[in-house]
Structures are given as structure tokens and as C-alpha cells.
Amino acid sequence: MAVPSQNGTPQYEAVVIGAGVCGIYMLYRLLKLGLNATLLERGSDAGGTWYWNRYPGARFDSESYTYGYSFSKELLEEWDWSEHFSGQPETFRYLQYVVEKFQLRDHMQFDCNVQASTWDDENQVWTVRMEDRREVTTRFLFTAIGMLSAATMPRYPGVDRFKGESFHTYYWPSTPVELEGKRVAVVGTGATGVQVISEIADKVGDLTVFQRRPNWCAPLHNGPIDDEEQAKIKASYDEIFALCKKTPGSFIHQPDRREFKEVPREERLALWEKLYASRGFGVWLSNFRDIFMDEDANAEYSEFIAGKIRERVNDPVVAEKLIPKDHGFGTRRVPLETKYYEAYNRDNVHLKDINETPIVEGTEKGILTSEGELEFDLIIYATGFDAITGAFDRMEFSGVDGRRLNDKWADGPITYLGLQTHDFPNLITLAGPQSGSVSSNFPRGIEDAVDWAANLVAYLKENGYHRIEATAEAEDEWVETIKSYYEGLLIANTKSWFTGFNSNVDGHDKLRYLIFWGGAPKFRERITEVAENGYDGFSLEK
Ligand code: NAP
């Protein structure tokens, strides 16, 4: 173990793990506070999600002008988003710009694959060990390790046997991948698969989509931002961010406060038509809220969307396969798309429903299904992530008396405010399970968490505290709060990463309470109150 020096002083006051949207801002705030801080990043550059996910079609579903950081007026003024929903290359460039502008790079260390972090209670120091055995010591440890950063692969036999090119979308190479004329398979039809399929359908020779369960997708309606709009956006950033602060998901989209049943059907349909034709997540988030709680309301809206799918897909048999039958609209993450359904009208695109035609095994040339072998040049796995807790599970955290976080969270996470967990002092789990950040427009959500964490560190320093730990009682209460928000939500009855399911990970076959569903304003209110009360629910030690 690294030496915390003779007098127990660690090398750093703060270490941040992860150089994505969250870690970059945390590092910025720590340096502003004058702390001796460093950031350790697994990749070879900053960018997090936008460093890794370079697959064709990768872009966010947040309005670009709600995705940038809000902390610097100068940055907001300087940066021009070129599209309403910016693609991966632009967002990656944006984060690089932020890193350079605020001179953060000198405080970042790349190619640092953190494997284990161990707490020394006597010296009140974390020792962080990397894959190459290097170690650093720190008083405070901040995880900004991503909620969708532990990619998962299917486990059918022979998945590694394929001799052609094959990638999980998360690990898409930075060098160009030849698509023209290629026989391509895509496995998975979540938000990622939907983007890849839409983007490459007209570029590849032949595309076979392996679908296990379809999702309810709706149009993104992306478009360029012209000079006039750009000027308008820049002039209204204060209002944009104020609006995001008011909405449950920290987007510009507000729920319709009326009850579904109190609005006549004709009016409901008019609203839905308008939402379907509008940009972004309004189709999901500006709806009547009881659509996500009332089976009948949800069924009616789902039928409306099913009608749209039937209109857009020429072959009625294919259309029915693309319409989810096992869950209602919005009970899983809604992928927004650009001509996704139209891709299936192309002669070179084939949909394989793997419930009808199961994958038997991988072969050297492709994939053997129950109907025979299909040969490919490229296989793309858009098979998702061990979401929210996966990145924690892949690292080893040993707390007080060697207690392991993996053991503590084996049946699901246990946290206080999603920001701390008992027995793991001075570990702040930014964008961790059960925090408000994970159900928010991400940059907006993490700004709340990072600002809170930065204020915490300032408070501890000012008051001479060296150790902070959530109490077991506060944690129990928080877990109950988290659970209470699942009650009545149709989301709770639907298997997806929202509810902790992943067929590719052992034990992730039951509901786990990963997400705070109370909405960003309530989360912000609660963490502010905790801070104002001198960090209620935490024990602080000098
Ligand atoms: P995902 O939503 O978990 O989808 C994974 C897909 O792979 C599902 O269709 C799943 O089928 C399928 N799959 C998994 N294992 C399989 C197996 N063994 N055999 C066959 N099929 C299998 O993952 P994702 O699409 O990467 O998206 C994850 C999240 O990332 C999104 O929900 C979103 O929050 C974020 N994201 C955002 C954007 C954006 O902002 N536009 C874009 C991409 C991703 P089942 O449904 O049957 O499980």
C-alpha cells in the first residue's frame, strides 16, 4: 500500500475518478477551492461517455443548450452548438474545450484503470490502486465513474469465436470502420441500437437486426441551429437553466399537470400529435403524468404511438414486431430516433426477432440461429450496460474494517442521498445510485451533486473536519424514501436498466432500487436542507 507519509498526510486532499461530464466539473470546483486535487481516468483522454461511445449515430437526446455546463457565462457565450441535439464528435470537442479553457489537463492523469480503493481509518486516508499497481493516497475520494460505463456483452456460446470485426458500441474504435458494402449485424435495440441502425442502414451492404424486445421510439426532430437561433439561445440561457431547475427531469420539458381522464379524448389526441411532431423528449416528459401510473391511460397513449409505427413501417408483419407488447410507452427509457422505423422499409435491412428465431451460438463466420447460420463482416453489440452500480462493482472499495462495497450492495445499493454510504467515509459517490443526478438531464443533475460536494468539502475544511460518514439510520431512511417513489409507477413493473435488470449479469434478475424518482427539484431541496442543517445524517469528525 502507498505510504500516506509519516505524519499520515495523504498525497492529495482530493482524488476524482473519471474525466466525464461529472468528473471534469468536480475537478474544476476542487481546484477553485484551492485543494491539492488530481483526477484519474481510465481512457487516454477526457470526455467520459463522449470519449468512449464513438459509434455511428451517437448523440444525446437533451437539447444541446441544456447539456452544456451552466457555471461559466463566458463559456456559454463562447460555445456555439451547431445542432439542437449535438452528435458525439461535437460534444467530445466541447468537453475538450472546457478542459483546456479551465486548464484542467495538468491535473488529470490518463490511462489510470483504478482497480481498488482502500480506506485506512487510523490515518483517515484512501489508497487508490491502479491496474499497473501504481497507487495514490487521498483524504477525499470522489467517484465520477459513469452510470452507463460498464458495457455488457451477451453470453451465448461462441460469442468470441467470430473472425470478422466485432465491437460493443461503447468500445467503438477511434479509427474509421469501413461500412460500405459490408454484411453487418446489430444485436440490441435500445437507445444505442436504434441510433446505430438508423445511421448505418443506408451505408452498409446488408443489415440484420437481432431484436429481443422492441422499445417505444419517437422522433427526435433534430436540426441545425442557425445564427438567429444561436443568438436567441445565448440571450436566454438564464431562462433556459431556470426552467430546467423547475422540471422533474431537468429538461426544458414540463409535465402536463392535468389528469389524463379530465381532458376530452379529442384534446388528448391533439396534444399527442403536437408532442409527436415536436423536438426532443416532450413526447415523454410533457405528457399527462398519470400516463406513467395508470394502466388504462398508458394503454391509450401506447396505442397512439403504435399507430405511428404502423404508419411508418410498410410491412405490417415487421411493424407488429417493432411494437412493444410487454410494456407500455415510457416505462423504459424512450429512444429518440431519426428515420429509425423507415430503415425497416429498405430491402437491405432484415429484422430477426430472436424470440422466434433464437441465437444458438456465435461462429467464426457469424451467428448461428435456429434457422441456420448467418454470415457477417461486422457484428455490432448494442447490448447495453451494467447500469449505475456496474462501474462500482468492477472496482474494489474496502471501507471501515475491510468491509467491501460489493458485499454491501450485493442485493442492491444502500446509500444516503445517493452521495455517500455508511462504512465508507470520505467517499462521495457523484452520480451514484439513488442520487437525483441519474434520473436527470445529466449535466444539470451532476451540477447539483458537484456543487453540493464542493460546498461540503469547503465546510469540512473551514471547520477542521477530516472525516465524514453517513449514519446507518440516515441511510435506512433514504433507502425507504427511494422505494416509496417506485410505488404506483408503471416503471417499477418493467424490466430494464431503470429497474436494475440485465440478463448478461449474474443476479441482476430482480428489481433493484437504483434511481431517485422524486424529481430533481425535490432532490435539490433535500440535499440543500441537509447542508443547511450542518450535514444532517452524517457524522463528522476532526
Ligand atoms: P439498453 O437500453 O440496455 O439496450 C440494450 C439492448 O440490447 C436491448 O435491446 C436488449 O434487449 C439487448 N440485449 C441485451 N443483451 C442481449 C442478449 N444477450 N441477447 C439479445 N439482446 C440483448 O442499452 P443502450 O441501448 O446502450 O442504452 C442504455 C442507455 O444509454 C439508454 O437508455 C440511455 O439512457 C443511454 N443512451 C443515450 C443515448 C442518447 O442520449 N440518445 C443514446 C444511447 C444510449 P432487451 O430489451 O430484451 O433487454
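Just above sits the structure.
Reference entry: report on the structure contained in this document. (Residues numbered from 1 in each chain as written. Predicted model: local features only at pLDDT ≥ 70, side-chain atom pairs only at ≥ 80, totals over all residues. Heavy atoms only, no water.)

## Some words on the overall build of the protein
We count it as follows: Labels follow the DSSP assignment, with helices taken as runs of H or I lasting at least four residues and strands as runs of E lasting at least two, numbered in each case from the N terminus. A radius of gyration in this sense is built from C-alpha atoms; the matching globule rule multiplies 2.2 Å by the number of residues raised to 0.38. The contact rule is simple, with two residues in contact once any of their heavy atoms fall within 4.5 Å. Methods summary: accessible areas were calculated by the Shrake-Rupley approach with a probe of 1.4 Å, and residue burial reflects only the protein chains presented.
Counting its secondary structure elements, the protein contains 18 helices and 20 strands. Its C-alpha atoms give the protein a radius of gyration of 24 Å, within 12% of the compact-globule value 24 Å for 542 residues. Across its three principal directions, the C-alpha atoms of the protein cover 75 × 60 × 45 Å. At a minimum sequence separation of 6, the contacts of the protein that also span at least 24 residues come to 72%. Carbon and sulfur atoms make up 47% of the accessible area of the protein, which amounts to about 22000 Å² in all.

## Some points on a negative patch on the surface
Rule in force here: Candidates for patches are residues over 30% relative accessible area with no salt bridge; among them, like charges are joined within 9 Å and nonpolar side chains (Val, Leu, Ile, Met, Phe, Trp, Tyr) within 5 Å. Salt bridge, as used here, is a side-chain nitrogen of Lys or Arg placed within 4 Å of a carboxyl oxygen of Asp or Glu. When charges are counted, Lys and Arg are positive and Asp and Glu negative, with His and the chain ends excluded. Lys charges are placed at NZ, Arg charges at CZ, Asp charges at CG and Glu charges at CD. Only protein chains enter the calculation, and the probe is 1.4 Å; a residue is then buried if its accessible area is under 20% of its type maximum, exposed if over 50%, and partly exposed in between.
On the surface, Glu525, Glu529, Glu532 and Asp536 cluster together to form a negatively charged patch. The exposure class assigned to Asp536 is partly exposed, which follows from its relative accessible area of 39%.

## Focus: the pattern of salt bridges
Tallied over the full model, the rule gives 43 salt bridges. With its nearest N and O atoms 2.4 Å apart, the salt bridge here joins Lys101 to Glu74. Here the residue Lys101 occupies a position in helix H5 (residues 88-101), and Glu74 occupies one in helix H4 (residues 73-78), the gap between them amounting to 27 residues. Exposure remark for Lys101: the relative accessible area of 23% places this residue in the partly exposed category. In this structure, the salt-bridge partner of Arg161 is Glu361, at a minimum N-O distance of 3.7 Å.

## What to know about the site of the ligand
Our working rule: Residues are labelled near a given molecule or strand when at least one of their non-hydrogen atoms is within 4 Å of it. In the analysis that follows, any N or O atom pair within 3.5 Å is treated as a polar contact, provided that within protein one partner can donate a hydrogen and the other can accept it, and provided that, for residues neighboring in sequence, both atoms belong to side chains. When residue character is reported, Ala, Val, Leu, Ile, Met, Phe, Trp, Tyr, Cys and Pro are called nonpolar, Asp, Glu, Lys and Arg charged, and the others, Gly included, polar.
Taken together, 24 residues form the shell around the ligand, and within it Thr189, Thr192, Arg212, Arg332 and Trp497 come nearest. In the environment of the ligand, an oxygen atom lies 2.8 Å from a nitrogen or oxygen atom belonging to the side chain of Arg212. Interatomic distance of 2.8 Å between a side-chain N/O atom of Arg332 and an oxygen atom of the ligand. About the coverage of the ligand: the protein hides 86% of its 920 Å² of free accessible area. With three residues, the top contributor of residues to the shell around the ligand is helix H6 (residues 191-200). Its residues assigned to classes, the shell around the ligand shows ten nonpolar, eight polar and six charged.

## Details of helix H9 (residues 265-276)
Turn by turn, an α-helix covers 3.6 residues, leaving residues three or four places apart pointing in a common direction. Cut-off, in case you're wondering: One fewer than the residue count of a helix, multiplied by 1.5 Å, yields its expected span. Throughout, the arc means the angular range of directions from the helix axis out to the C-beta atoms.
End to end, H9 covers 16 Å across twelve residues, agreeing with the expected 16 Å (1.5 Å per residue, within 8%). Those residues of H9 not exposed but buried are Arg268, Leu271, Trp272, Leu275 and Tyr276. An end-on view of H9 places all buried positions within 130 degrees of arc, on one side of the element. Along H9, the residues that are exposed and aim more than 90 degrees away from the buried face are Glu266 and Lys274. Taken together, the buried residues of H9 touch strand S10 (218-219), helix H10 (282-285) and helix H11 (295-312).

## Looking at the pairing of strand S8 (residues 183-187)
Along any regular strand the residues' side chains alternate between the sheet's two faces. Our working definition: Each pair of strands is called paired provided DSSP finds at least two bridges between the two strands. Crossover handedness is defined here as right-handed if the route from the first strand over the helix to the second strand goes clockwise, with the strands pointing away from the viewer.
The buried count for S8 comes to four of five residues, which makes it a mostly enclosed element. Pairing between S8 and strand S9 (residues 206-211): five bridges, direction parallel. Of the residues in S9, the one forming a bridge with Arg183 is Asp206. Note on the crossover from S8 through H6 to S9: the handedness is right-handed.

## Regarding the state of the cysteines
Heads up, the condition is: Note on terminology: disulfide denotes any pair of cysteine sulfur atoms within 2.5 Å.
In the structure shown here, the tally under the stated rule is zero disulfides. Cys244 takes part in no disulfide bond, and the closest cysteine sulfur, belonging to Cys22, lies 17 Å away.

## Some words on the sheet that holds strand S15 (residues 372-375)
Backbone hydrogen bonds are what pair the strands of a sheet, in a parallel or an antiparallel way. For clarity, the threshold we go by: Here an angle of 0 to 180 degrees is reported between the N-to-C directions of two axes, which are lines fitted to C-alpha atoms, with helices fitted over the stretch in contact.
With respect to topology, three strands assemble into an open sheet ordered S13-S14-S15, the strand pairing being antiparallel. Of all strands in the sheet, those with a lone pairing partner are strand S13 (359-362) and S15, marking the two edges. Each neighbouring strand pair of the sheet contributes to a mean axis angle of 25 degrees, computed without reference to strand direction. Judged from the three bridges that link them, S13 and strand S14 (residues 366-369) form a sheet pairing that is antiparallel.

## Observations concerning the sheet that holds strand S7 (residues 165-168)
Pairing is parallel in the open sheet, where five strands are placed in the order S7-S16-S8-S9-S12. Two strands in the sheet have a free side with no partner beyond their single neighbour: S7 and strand S12 (349-353). Across the sheet, the axes of successive neighbouring strands diverge by a mean angle of 15 degrees, strand direction being ignored. Where S7 lies against strand S16 (residues 378-381), four bridges are found, and the strand directions are parallel. Bridge pairing in S16 links Phe167 to Ile380.

## Quick notes on unusual backbone geometry
With phi around 65 degrees, Leu417 is a residue other than glycine that occupies positive phi space. A positive phi angle is found at Gln434, which is not glycine, with a value near 70 degrees. Relative to the helices and strands, Gln434 resides in the loop between strand S18 (427-429) and helix H16 (442-462). In this structure Gln434 comes out as buried when scored by relative accessible area, which is 0%.

## Remarks on H16
End to end, H16 covers 30 Å across 21 residues, agreeing with the expected 30 Å (1.5 Å per residue, within 8%). Here H16 lies mainly inside the structure; 16 of its 21 residues are buried. Gly464 sits one or two residues past H16 and shows a positive phi near 70 degrees.

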